[in-house]
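Topology and contacts: notes
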2 protein chains.
Amino acid sequence: MTTDNHRYCVIMCGGVGSRFWPYSRSNRPKQFIDFLGTGRTLLQMCYDRILPLVPKNNIIVVTNAMYAALVKEQLPDIDPEHILLEPCRRNTAPCIAWAANHIYAADPQASMIVTPSDHLITNEAEFVNRLRAGFEFVETHDALLTLGIKPTRPETGYGYIQIGKEVEPGILKVKTFTEKPDLELAKVFVESGEFFWNSGIFLWKASDILNAFTALAPDLAGEFERGKGIFATPAETQFINDHFPACPSISVDFAIMEKASNVYVECVDFGWSDLGTWSALYDNSAQNPEGNVTQNCNVMTYDSTGNIFAVRNEKLVVVSGLHDYIVADADDVLLVCPKSEEQRIKQIVNDVQGRFDEKYL
Amino acid sequence: MTTDNHRYCVIMCGGVGSRFWPYSRSNRPKQFIDFLGTGRTLLQMCYDRILPLVPKNNIIVVTNAMYAALVKEQLPDIDPEHILLEPCRRNTAPCIAWAANHIYAADPQASMIVTPSDHLITNEAEFVNRLRAGFEFVETHDALLTLGIKPTRPETGYGYIQIGKEVEPGILKVKTFTEKPDLELAKVFVESGEFFWNSGIFLWKASDILNAFTALAPDLAGEFERGKGIFATPAETQFINDHFPACPSISVDFAIMEKASNVYVECVDFGWSDLGTWSALYDNSAQNPEGNVTQNCNVMTYDSTGNIFAVRNEKLVVVSGLHDYIVADADDVLLVCPKSEEQRIKQIVNDVQGRFDEKYL
């Protein structure tokens, strides 16, 4: 299995998950929580579904320095050298550029999956099959491959990918990337059959993405070119701490994918959700006969329906006469908010920061 | 001030406060909480208003053994020998019989106030004046004196006292005690001007209440008579641990006050509430312009009115779209319940006990 040994996975888990505040807190964001009450955190679920695809020792986790202990605790099998600690937040492009340099330095033939750590995939067998096909494609083509999810509803919260010509079964040239559409446009997209959700899961050879950075994001690439000979050596940490903060905060979609000419989409349908909203979490969780989602926490309800309870640990929640609310509690913060007003949470988090600084974030 | 030196106060603080569960928990009931957000617990507020009435060293606290540390922490000035620890709960009659024996053994001339620790009195100057008058009355009469509160509404949650002939200004013979009336009857009571709320605050000489126990509750009195010579000595603790559990669980109202012929009522009006219900707490607390009661806890509200928040410590509570609810949180329990359904809480506590035993009580 020579090929397998050159296959890598980069799990990005530096996000703060503020849309799920306070269930997701800055000291323990969404990906580090048993978010669905399954007994495994989202990061652990991500790791589990990657294991059939790449050698265990080829899994790299990129996270913020403050989450080092959480990653080690939740993924004890990962060699600490494979946990890349960002000294500050800089969105996905610098994260991926670093990880690609790190992997390429150790293995110039490497191909790699890049995946967020906080998504849900319900059909893991299909996920593995399609990712294997993706690996084979990028290993034999100069290609940046993104996974496009077959849309199931006119979602306005996602970016869409318009497909072009099919080059292999299920793998097509990308025509355009489209930012979040309004509902009218989203309906047209879904009905056309030509648009897929942009999942944020990518495959490519390390060499191909590094070439793309050099060509399309030269400033960013330049920061990392100074580290030639340093990646995957003991000096890497100091180099990153010195130079990573200088990187622009920019997404890989904007820096590379929307500009590159060698971008392809693998159209997949394996039960995906980015779990990006409380509604998405509610929809993807088991509801009890009263339509409450309790995620295995201790909840007792009286005359209460359609609620979602997101509560950590051994806390007991008792509610009476509550319908269609979010009840989220973690440590020293409690939020009670109608599900229909979840877009207000962003404002609330801002207000909390304005009043209490970082204390309750 | 010879007279003052024979004046004592017994503060009863062994209750569990289950009507305010989970804000009041069995490990820290209502009287040990800064219930009104004033910076002092109800027990401390009770102690503070007694101080002008009796020498500090004549204040006795009777509580359950499990609350010994809380009492010492909250009332550091009290000599530990003045904290009487009940080995089990036996309602007010055994509690008062013990305290009276304890005080009488040290001072046969003693007169005493007996007061719950978890009530609110807003006009403390008037309280002090009326209690001084009460002391003078019981010190010069063979009398069991109860404080009757001038009713301000047809409350159905309290017992009422029907007044008889006035024997001194503001002190009258009791005609009858009446259990909690229905609303119709309560209205008649209030309009008649002849009925007062039974406050549960008493004054008497230690000798008079002990005589009453002997005459009217001989079984109970008998348990304590075995301890003659032991009260207020180092052997008292062991004696109580051995004999207190054998006492019947009975209230002093039922055991003595409703039967004795020498019962008087001092009619007072000093802003009293037993803080016995969430509604009483809400009514006696400062409401912000949205009609929310926050008791100085960290609460941020959006489109929310008429709620009461009872949350300990540094917890931040954020609510949106919530009207007229109780939000109570302590440690590992959260309750959200409409104020109009607070009578459901008793059932909830039963359900919690049935499902989790003592864990969340």
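Before reading on, note that the structure itself is shown above.
To keep things clear, this report deals only with the structure shown in the data block. (Residues numbered from 1 in each chain as written. Chains lettered and ligands numbered in written order. Predicted model: local features only at pLDDT ≥ 70, side-chain atom pairs only at ≥ 80, totals over all residues. Heavy atoms only, no water.)

Here's the deal with the relation of the copies chain B and chain A
Its rotation angle being 180°, the transformation that places chain B on chain A also includes 0.0 Å of axial translation and leaves an RMSD of 0.0 Å. Here the two chains are linked by the operation of a two-fold rotation axis. Looking at chain B, 100% of its interface residues are interface residues in chain A too, so the copies touch through the same face. (Least-squares fit on C-alpha atoms with pLDDT ≥ 70 in both. Contact = heavy atoms within 4.5 Å.)

Notes on the pattern of salt bridges
Residues and elements named next belong to chain A. Going through the model one piece at a time under the given rule, you end up with 28 salt bridges over all chains. The partner of D329 in a salt bridge is K315, and the shortest N-O contact between them spans 3.6 Å. Here K315 lies in the loop between strand 13 (308-311) and strand 14 (316-320) and D329 lies in strand 15 (residues 325-330), a separation of 14 residues in the sequence. Exposure remark for K315: the relative accessible area of 5% places this residue in the buried category. (Salt bridge = Lys/Arg side-chain N within 4 Å of Asp/Glu carboxyl O. Helix = DSSP H or I, 4+ residues; strand = E, 2+ residues; numbered from the N terminus. Buried < 20%, exposed > 50% of the residue type's maximum accessible area, 1.4 Å probe, protein only.)

Observations concerning the pairing of strand 12 (residues 298-302) of chain A
Residues and elements named next belong to chain A. By the criterion of burial, strand 12 is predominantly enclosed, with 4 of the 5 residues buried. Sheet topology note: the strand 12/strand 14 ladder contains 5 bridges and is parallel. Looking across to strand 14, one finds that T301 is bridged to V319. (Pairing = 2+ DSSP bridges.)

A closer look at the interface of chain B and chain A
On the side of chain A, 35 residues touch chain B, which itself brings 35 residues to the contact. Counting the surface lost from both chain B and chain A, the interface buries some 2900 Å², and carbon and sulfur atoms represent 56% of this. On the chain B side of the interface with chain A, the three residues burying the most area are L316, S320 and L334 of chain B, jointly 20% of the side's total. Between chain B and chain A we count 4 salt bridges in total. E314 of chain B is paired through a salt bridge with K359 of chain A; the nearest N and O atoms lie 3.5 Å apart. Where chain B packs against chain A, one counts 27 residue pairs in polar contact (both at pLDDT 80 or more). Listed by contribution, the elements that provide at least two residues to the side of chain B that touches chain A are strand 12 (298-302), strand 14 (316-320), strand 15 (325-330), strand 16 (333-338) and helix 12 (344-356) of chain B. (Buried area = accessible area lost by both parts, 1.4 Å probe. Polar contact = N/O pair within 3.5 Å; in protein donor to acceptor, adjacent residues only side chain to side chain.)

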